[in-house]
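Below, each chain spelled out in residue letters.
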Amino acid sequence: MSATRLSTLDLREMKKKNEKITMITAYDYPTAELVDEAGAEIILVGDSLGMVVLGYPDTLSVTLGEMIHHGKAVVRGSKRAFVIIDMPFLTYQVNSEEALRNAGRTIQETGAQGVKLEGGVEIGETVRKITQAGIPVVGHLGLTPQSAGQLGGFKVQGRDLQAARKTIDDAVVLEEAGAFMLVLECVPWQLARVITEKLSIPVIGIGAGKYCDGQVLVYHDVMGLYTGKRPKFVKQYADARTEMLRGVNNYIDAVKKVSFPGEEHTFTMPAEVLASLLDSCQ
Ligand code: KIV
C-alpha cells in the first residue's frame, strides 16, 4: 500500500471539515490513471463492471476472479486515490469465515485499500469479522443491486416509515460493526440527510441527494459511454462516446482512402539495400 494514498482517516477528516468527497468507478488502468489525475478521492471498482464493461445483464454474474483482475489494473493505474473493491454476489453472504477469506484475498491480490459489501444487519457480524482482521469495509444500503430481485426491481428504497427506520437501524449496525464508510443508493434525500447527520463515518450518496458527505457515480454514465438504461439519479458530464466514435470512424475512413499511414508513420531502407534486395528477388 503506497504511503501517498489517502487513508480512512483522511476521509473521516473530510467529513468533519464538511469537505465533499468524490468517488467514481473505474475498472482498468487508463481510467484509473485519468480519474486519479482528475483528483477523485476514492475509486470504486464496482461490480457494475459486469454491466458496463463485461456486457452481463446484471451484477450477479460477476466473479471474484473478475473483480480481482480489474482491481489489480486500477491499483496499478492510480497513485493517490483510496481504492475500494466490491465483493461480488455470494462471496460474503454464505458465512463470515468465507467472507473474510474472500475479502483478504481481494486485498492481498489487488493491493486495494478496502472492500464494499451490500446489506444491513444481516451482514453485521461479517463486517465486524473483516474489520477486526484489519480490512477497511464500506457498507452499501438502500437500493442494493445484488438483491434487486428481492427488492422488486430497481426502485427507490426507504420511502415509508418502516423502511426508513430499518435503513437507519442498518446504518447504525454497520457503523458499530466497524464499517468506515457507507454508500447510500436511491433513497429519499431526507432519509440520506438524517443518516449522514447521525453517523460519524462518511456517507456517500448515489441518488440520495446533496446532503451526503460525498457522491459516487459510474464512470461510464458520467462519460456517456453506457448505452443501457440510465437511472434518474445519473448526470452525464461528457459525451465521450460520440468523440470516440468520431475517432474510430476517421481512422477507418483514412485506411480506406489510403491517407493513413502517411510518410511520417512509415519506415524506409537505404536505396542500395533496396536495389540489392530487388536484384536478389529476381
Ligand atoms: O457497482 C457499483 O458501481 C456501485 C455503485 C453504483 C455505488 O456499487
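Just so you know, these numbers come straight off a predicted model, no measurement behind them.

Draft legend 1. View of the site of the ligand. Around the ligand sit T25, L44, G46, D47, S48, D86, K116, H140, I206 and V218, and those are all the residues in its vicinity. Between an oxygen atom of the ligand and a side-chain N or O atom of D86, the distance comes to 3.2 Å. Interatomic distance of 2.9 Å between a side-chain N/O atom of K116 and an oxygen atom of the ligand. Among the residues forming the shell around the ligand, the class breakdown is 3 nonpolar, 4 polar and 3 charged.

Draft legend 2. Geometry of the pairing of strand 5 (residues 137-142). Across the 6 residues that make up strand 5, a large majority, 6, are buried. Burial along strand 5 is two-sided: the residues V137, G139 and L141 and V138, H140 and G142 are all buried. For the segment spanning strand 4 (residues 114-118), helix 6 (residues 124-132) and strand 5, crossover handedness is right-handed. Sheet topology places strand 5 next to strand 6 (residues 181-185); 5 bridges connect them, and they run parallel. The partner of H140 across the bridge, within strand 6, is V183.

Scoring rules and cut-offs
- Residues numbered from 1 in each chain as written.
- Predicted model: local features only at pLDDT ≥ 70, side-chain atom pairs only at ≥ 80, totals over all residues.
- Heavy atoms only, no water.
- Near = heavy atom within 4 Å.
- Polar contact = N/O pair within 3.5 Å; in protein donor to acceptor, adjacent residues only side chain to side chain.
- Nonpolar A, V, L, I, M, F, W, Y, C, P; charged D, E, K, R; others polar.
- Buried < 20%, exposed > 50% of the residue type's maximum accessible area, 1.4 Å probe, protein only.
- Helix = DSSP H or I, 4+ residues; strand = E, 2+ residues; numbered from the N terminus.
- Right-handed = clockwise from strand over helix to strand, strands pointing away.
- Pairing = 2+ DSSP bridges.

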